[in-house]
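# Commentary on secondary and tertiary structure
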Amino acid sequence: MLRYKAYQFRLYPNQEQTILIAKTIGCSRFVFNHFLDLWNTTYAETGKGLSYNACSAMLPKMKREEETGWLKEVDSIALQSSLQHLADSFARFFRNQNDKPNFKSKNNPVQSYTTKNVNNSIEVKEKHVKLPKLGLVTFAKSRQPKGRILSATLRKNASGKYFVSLLCEEEIHEWPKAESVIGVDLGITDFAILSDGQKKDNDAFTSQMEKKLKREQRKLSRRALVAKKDGKELSQAKNYQKQKRKVARLHEKVANQRTNFLNKLSTELIKNHDLICIEDLNTKGLLRNHKLAKSISDVSWSSFVSKLQYKADWYGRDIIKVDRWFPSSKLCSTEGCGYKAPSMPLTVRDWVCPICHVHHDRDINASRNILIEGLRLHAMK
């Protein structure tokens, strides 16, 4: 089955390529903001917006004009892609899928642009990747992209590092049947509790580095005050910018550790089980709980479920989501019992069923009930 798959690599551009990447990011941002303003103005005056084709037809004229002639210095397809992103944003907005598009800022911590593969303009060649206008750029080749390369997204992080994400269309084959099913209960102390009794530890990446992050962020705040006292713009304060990159590198390290953990665990579950039953959590609602919001953000439940879902689609597995109101913690999972406790505060971590007298670990019992309910829902499909 043909699927889209992205491969991300670290880029090491030379000085000339770094300047051109910065120019392309700036031009793409300018085009997006210019046509967003024009789109809003047209809608206010006529009650109708523009279209991708209408905006695209104006670009060649802008390149010929003296005020905006610098647009022709960069990759033209990157500018067209910026317009396509704007049109797609408006289309999703009118379908109530996201908020109205906002203007892009050069102060955003992540700056990027996307270009498409036209006549093999994007290729992987040993230790280099060929990109439009940039030519051959050195990159850290950790694996070989498979299939047909469709596009490339170049990104500069707040840490100052450059990355390229290659979107490929490739044939992905389903994995053989594992003849196994599993229930998963997501938690905070333990990230995932499985119905077979396993508990997957939450490494709490942010909390592990919290002390170091606090120290470096306080240093960043002090340097901001010094810059303000000296009458300098933060963008011109070298010490502030240096410390800002240091803090960004720490955040990036935490994010990379978390992503690696989630990828490994989701792949392990998909590889070893044909059916995975999981609770349909209302993460946005849970984040409103100020006592738990930080811990919930750290464990990244939403990202984990998304990874499970797309990998299940790729490799021929099933994901069953159990209703968030299902009383998985209150029910006795012992076969033939089904006792439901009247209440189960979060402080209760284990309990004994008064009917069958079986001792339950709260989380393992919940994961087993999620599996039982998931199997019932799957049989009804």
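That block above? That's the structure.
Below is a summary of the structure that appears in this document. (Residues numbered from 1 in each chain as written. Predicted model: local features only at pLDDT ≥ 70, side-chain atom pairs only at ≥ 80, totals over all residues. Heavy atoms only, no water.)

Moving on, we come to the overall build of the protein. From N to C terminus, the protein includes 10 helices and 14 strands. By its C-alpha atoms, the protein is 85 × 55 × 55 Å across when sized along the principal axes. For the protein, the share of sequence-separated contacts (at least 6 apart) that also reach a separation of at least 24 residues comes to 67%. With an accessible surface of roughly 22300 Å², the protein has 51% of that area assigned to carbon and sulfur atoms. Separation between the mean location of the 67 positive side-chain charges and that of the 40 negative ones in the protein comes to 8 Å. (Helix = DSSP H or I, 4+ residues; strand = E, 2+ residues; numbered from the N terminus. Contact = heavy atoms within 4.5 Å. Areas by Shrake-Rupley, 256 points an atom, 1.4 Å probe, with all protein chains shown as cover. Lys, Arg positive; Asp, Glu negative; His and termini not counted. Charge placed at Lys NZ, Arg CZ, Asp CG, Glu CD.)

With that out of the way, let us pick up the packing of helix α1 (residues 15-46) against helix α3 (residues 76-94). For the pair α1 and α3, interaxial distance at closest approach is 9 Å and the crossing angle is 40°. With respect to α3, the element α1 is oriented oblique. Between α1 and α3 lies a crossing whose hand is right-handed. Judged by residue contacts, Thr-24, Cys-27, Ser-28, Val-31, Phe-32, Phe-35, Leu-36, Trp-39 and Asn-40 of α1 engage Ala-78, Leu-79, Ser-82, Leu-83, His-85, Leu-86, Ala-87 and Phe-90 from α3. The class makeup of the residues in the contact of α1 with α3 is 12 nonpolar, five polar and no charged. (Axes fitted to C-alpha atoms, helices over the stretch in contact; angles between N-to-C directions. Parallel < 35°, antiparallel > 145°, perpendicular 65-115°, else oblique. Left-handed = near helix turned anticlockwise from the far one by under 90°. Nonpolar A, V, L, I, M, F, W, Y, C, P; charged D, E, K, R; others polar.)

Before going further, it helps to spend a moment on the pairing of strand β6 (residues 148-156). Sheet topology places strand β2 (residues 111-116) next to β6; six bridges connect them, and they run antiparallel. Following the sheet pairing, Thr-114 is matched in β6 by Thr-153. The loop that links β6 with its antiparallel partner strand β7 (residues 162-171) comprises five residues; one of these, Gly-160, has a positive phi angle of about 90°. (Pairing = 2+ DSSP bridges.)

As a further point, take the pattern of salt bridges. Per the stated rule, a full pass over the model turns up 12 salt bridges. Its salt-bridge partner being Glu-73, residue Lys-23 comes within 3.2 Å of it at the nearest N-O pair. You can see Lys-23 sitting in helix α1 and its partner Glu-73 sitting in the loop between α2 (52-64) and α3, a full 50 residues away along the chain. Accessibility expressed as a relative area gives 39% for Lys-23, which makes it partly exposed. Judged by its relative accessible area of 41%, Glu-73 falls in the partly exposed class. When the shortest N-O distance is used, the salt bridge between Glu-268 and Lys-200 registers 3.1 Å. With a gap of 68 residues between them, Glu-268 in helix α6 (residues 238-272) and Lys-200 in strand β10 (residues 199-201) connect regions that are remote in the sequence. Residue Glu-268 is classed as partly exposed on the basis of its relative accessible area, which comes to 32%. (Salt bridge = Lys/Arg side-chain N within 4 Å of Asp/Glu carboxyl O. Buried < 20%, exposed > 50% of the residue type's maximum accessible area, 1.4 Å probe, protein only.)

This part covers the state of the cysteines. One pass over the full model with this rule turns up zero disulfides. Free cysteine: Cys-27, not disulfide-bonded; nearest cysteine sulfur from Cys-55 at 17 Å. Taking relative accessible area as the criterion, Cys-27 reaches 6% and is therefore assigned buried. With no disulfide of its own, Cys-353 lies 3.6 Å from the sulfur of Cys-356, the closest cysteine sulfur. With relative accessibility at 0%, the residue Cys-353 sits in the buried group. (Disulfide = S-S within 2.5 Å.)

Moving on, we come to the packing of aromatic side chains. Two aromatic rings are characterised by how far apart their centres lie and by the angle between their planes. A full pass over the atoms with the stated rule returns 11 aromatic pairs. Plain terms: the ring middles of Phe-90 and Phe-94 are 6.2 Å apart, the flat faces sit at 25° to each other, and that makes the pair stacked. Note that Phe-90 and Phe-94 are positioned in helix α3 at a spacing of four residues, about one turn of the helix. With a centroid separation of 4.9 Å and an interplanar angle of 65°, the aromatic rings of Tyr-310 and Trp-314 are classed as edge-to-face. Here Tyr-310 pairs with Trp-314, and both are found in helix α9 (residues 301-315), just four residues apart, close to one helical turn. Here Lys-104 stacks its cationic end above the ring of Phe-32, 4.5 Å away from the centre of that ring. (Phe/Tyr/Trp six-rings, centres within 6.5 Å; stacked < 30°, edge-to-face > 60°. Lys NZ or Arg CZ within 6 Å of the ring centre and 35° of its normal.)

What follows deals with the packing of helix α5 (residues 210-229) against α6. As a packed pair, α5 and α6 sit with axes 9 Å apart at the nearest point and diverge in direction by 160°. Classed by the angle they form, the pair α5 and α6 counts as roughly antiparallel. In this structure, the crossing between α5 and α6 has a hand that is left-handed. Residue-level contacts link Lys-212, Leu-213, Glu-216, Gln-217, Lys-219, Leu-220, Arg-223 and Ala-224 of α5 to Asn-239, Tyr-240, Gln-243, Lys-244, Lys-246, Val-247, Leu-250 and His-251 of α6. When its residues are assigned to classes, the contact of α5 with α6 shows six nonpolar, four polar and six charged.

Bear in mind that shape data such as this cannot, by itself, settle questions of function.
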